[in-house]
Protein chains: 2
Amino acid sequence: MSYFDNFMKANRAYVDLHGTAHLPLKPKTRVAIVTCMDSRLHVAPALGLALGDAHILRNAGGRVTDDVIRSLVISEQQLGTSEIVVLHHTDCGAQTFTNEEFAQQLKRDLAVDVKDRDFLPFEDVEDSVREDMAILKNSPLIPDDIVISGAVYDVDTGRIKVVKES
Amino acid sequence: MSYFDNFMKANRAYVDLHGTAHLPLKPKTRVAIVTCMDSRLHVAPALGLALGDAHILRNAGGRVTDDVIRSLVISEQQLGTSEIVVLHHTDCGAQTFTNEEFAQQLKRDLAVDVKDRDFLPFEDVEDSVREDMAILKNSPLIPDDIVISGAVYDVDTGRIKVVKES
């Protein structure tokens, strides 16, 4: 039982609309967006992105992890981006647990001891944006001339609100 | 000078279309898609996803890293997903460098010694999908009953092709 077959059916219709066109590998706006995996955020329409416009990085919470830094270094140094937007959102799954309770849950349900692994939950969504902006500012792998913005997406209204760095 | 202001303008138009509606935190299809940050892939239309349908995880290459495992564990154990799709694509930025030359470039341009850090480049896109499917299968944090599929997206045609595991 797999939902993937439905995606493949939908993709056949998409191919007819897409046509054949080769867009450049380097994103047109030179922006990389770091955001959450949440299903209620469709980044392209919410920000007015056309195909080829911007890199979109997504994980649980939209947190700036080592893997996000890896991806941003490739985005900037190989593919020419020079701006980063950190976009978190309201009603986030990362606000539904603490590391301690999640570790207990994983021990009980998966029989895996994750010890003190940080799953990067947060309480206040504006604080989490500012925290991740600060990680970018302080990373030696992110040059000082990279423009960094922060924002919060409201999953109920689709509205994006700017977050100023602390 | 920031492109972010343009995104904010586009978002004001999006808000008018969006209206106000609260969708559930848990994705409707129970699928998490792991894919690349590439600007030429808009995941929602390419797979026929509506708002609220599926988690979308993206990094450079769509590689299954520790951070992707972190996100998938939250997706599955907190938010109810039970299926993963690994979706890489043609003409990927992760095919444009080797770790050795990239390390030299970063030393020269950023004055940072990344030593033997793995930026996860690959040569063959079907091999990279199979490699990442195997990482998922072997992870103790991904239960055996999670359905795992693999595929490659063609950035020129929009077409998705299934990749069978090795």
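The paragraphs below set out a description of the structure included in this document.

Rules of the game
Residues numbered from 1 in each chain as written. Chains lettered and ligands numbered in written order. Predicted model: local features only at pLDDT ≥ 70, side-chain atom pairs only at ≥ 80, totals over all residues. Heavy atoms only, no water. Helix = DSSP H or I, 4+ residues; strand = E, 2+ residues; numbered from the N terminus. Buried < 20%, exposed > 50% of the residue type's maximum accessible area, 1.4 Å probe, protein only. Contact = heavy atoms within 4.5 Å. Buried area = accessible area lost by both parts, 1.4 Å probe. Salt bridge = Lys/Arg side-chain N within 4 Å of Asp/Glu carboxyl O. Nonpolar A, V, L, I, M, F, W, Y, C, P; charged D, E, K, R; others polar. Pairing = 2+ DSSP bridges. Least-squares fit on C-alpha atoms with pLDDT ≥ 70 in both. Phe/Tyr/Trp six-rings, centres within 6.5 Å; stacked < 30°, edge-to-face > 60°. Lys NZ or Arg CZ within 6 Å of the ring centre and 35° of its normal. Expected span 1.5 Å × (residues − 1).

1. Here's the deal with the overall build of chain A
Argument step 1. What chain A contains, in helices and strands, is five helices and five strands.
Argument step 2. Scanning chain A from its N terminus toward the C terminus, one meets helices and strands in the order α-β-α-β-α-β-α-α-β-β.
Argument step 3. By principal-axis analysis of the C-alpha atoms, chain A measures approximately 50 × 50 × 30 Å.
Argument step 4. Here chain A holds 166 residues, and the buried ones make up 58% of them.
Argument step 5. Put simply, 69% of the contacts in chain A that link residues at least 6 apart link residues at least 24 apart.

2. Focus on the interface of chain A and chain B
Interface extent is often summarised as the accessible area lost during association of the parts.
Argument step 1. Facing 92 residues of chain A, the contacting portion of chain B comprises 93 residues.
Argument step 2. The junction of chain A with chain B conceals about 7700 Å² of combined surface from both sides, 63% of it contributed by carbon and sulfur atoms.
Argument step 3. Viewed at the interface, chain B and chain A are joined by zero salt bridges.
Argument step 4. Residue contributions to the side of chain A that touches chain B peak at nine residues, all from helix H3 (residues 66-77) of chain A.
Argument step 5. Residue composition of the side of chain A that touches chain B, grouped by class: 52 nonpolar, 25 polar and 15 charged.

3. Description of the pairing of strand S3 (residues 83-89) of chain A
Residue and element names in this part refer to chain A.
Argument step 1. Here S3 lies mainly inside the structure; seven of its seven residues are buried.
Argument step 2. By the alternation rule, side chains of S3 split into Glu 83, Val 85, Leu 87 and His 89 and Ile 84, Val 86 and His 88, which are all buried.
Argument step 3. Pairing of strand S1 (residues 31-36) with S3, which is carried by five bridges, proceeds in the parallel orientation. The partner of Ala 32 across the bridge, within S3, is Ile 84.

4. A short note on the relation of the copies chain A and chain B
Argument step 1. Note on the identical chains: chain A maps onto chain B by a rotation of 180° and an axial translation of 0.0 Å, with an RMSD of 0.0 Å. Put plainly, the chains are arranged around a two-fold axis. The C-alpha atom lying nearest the rotation axis in chain A is that of A:Arg58; the distance is 2.3 Å.
Argument step 2. Of all interface residues in chain A, 100% are interface residues in chain B too; the two copies therefore contact each other through one and the same surface.

5. Structural notes on the environment of A:Phe102
Argument step 1. Here A:Phe102 is to be found in helix H4 (residues 99-110).
Argument step 2. In this structure A:Phe102 comes out as buried when scored by relative accessible area, which is 0%.
Argument step 3. Each C-alpha atom, one on A:Phe102 and one on A:Cys36, is 19 Å from the other, the two residues being 66 residues apart in sequence.
Argument step 4. Not counting chain neighbours up to four residues away, the residues in contact with A:Phe102 comprise A:Phe97, A:Phe119, B:Val73, B:Ile74, B:Gln77 and B:Gln78.

6. Quick notes on the packing of aromatic side chains
In this description, a pair of aromatic rings is defined by centroid distance and the angle of the planes.
Argument step 1. Per the stated rule, a full pass over the model turns up six aromatic pairs over all chains.
Argument step 2. Relative to A:Phe119, the ring of A:Phe102 has its centre 4.9 Å away and its plane inclined at 90°; by these criteria the two rings are edge-to-face. Of this pair, A:Phe102 sits in helix H4 while A:Phe119 sits in the loop between H4 and helix H5 (125-138), and the two are 17 residues apart along the sequence. The two residues A:Phe102 and A:Phe119 agree in class, both being buried.
Argument step 3. Relative to B:Phe7, the ring of B:Tyr3 has its centre 5.2 Å away and its plane inclined at 65°; by these criteria the two rings are edge-to-face.
Argument step 4. Through pairs of rings, three or more aromatic residues link up here, namely A:Phe97, A:Phe102 and A:Phe119.
Argument step 5. The side chain of B:Arg117 reaches across the aromatic face of B:Phe119, ending 5.3 Å from its centre.

7. Thoughts on the pattern of salt bridges
Argument step 1. What the rule picks out here adds up to 22 salt bridges over all chains.
Argument step 2. Two residues, A:Asp132 and A:Arg63, come together in a salt bridge whose shortest N-O distance is 2.8 Å. With A:Asp132 in helix H5 and A:Arg63 in the loop between strand S2 (54-59) and H3, this residue pair connects regions lying 69 residues apart in the sequence. A:Arg63 shares its class with A:Asp132; the two are buried.
Argument step 3. Here B:Asp127 and B:Arg130 are joined by a salt bridge, their closest N and O atoms 3.5 Å apart. Taken together, the positions of B:Asp127 and B:Arg130, both in helix H5 (residues 125-138) and three residues apart, correspond to about one turn of that helix.
Argument step 4. Relative accessible area serves as the criterion here: at 23%, B:Arg130 is assigned to the partly exposed category.

8. Observations regarding H3(A)
Argument step 1. Between its first and last C-alpha, H3(A) extends 16 Å over 12 residues, near the 16 Å set by a 1.5 Å rise per residue.
Argument step 2. For H3(A), the set of buried residues is A:Asp67, A:Val68, A:Ile69, A:Arg70, A:Ser71, A:Leu72, A:Val73, A:Ile74, A:Ser75, A:Glu76 and A:Gln77.

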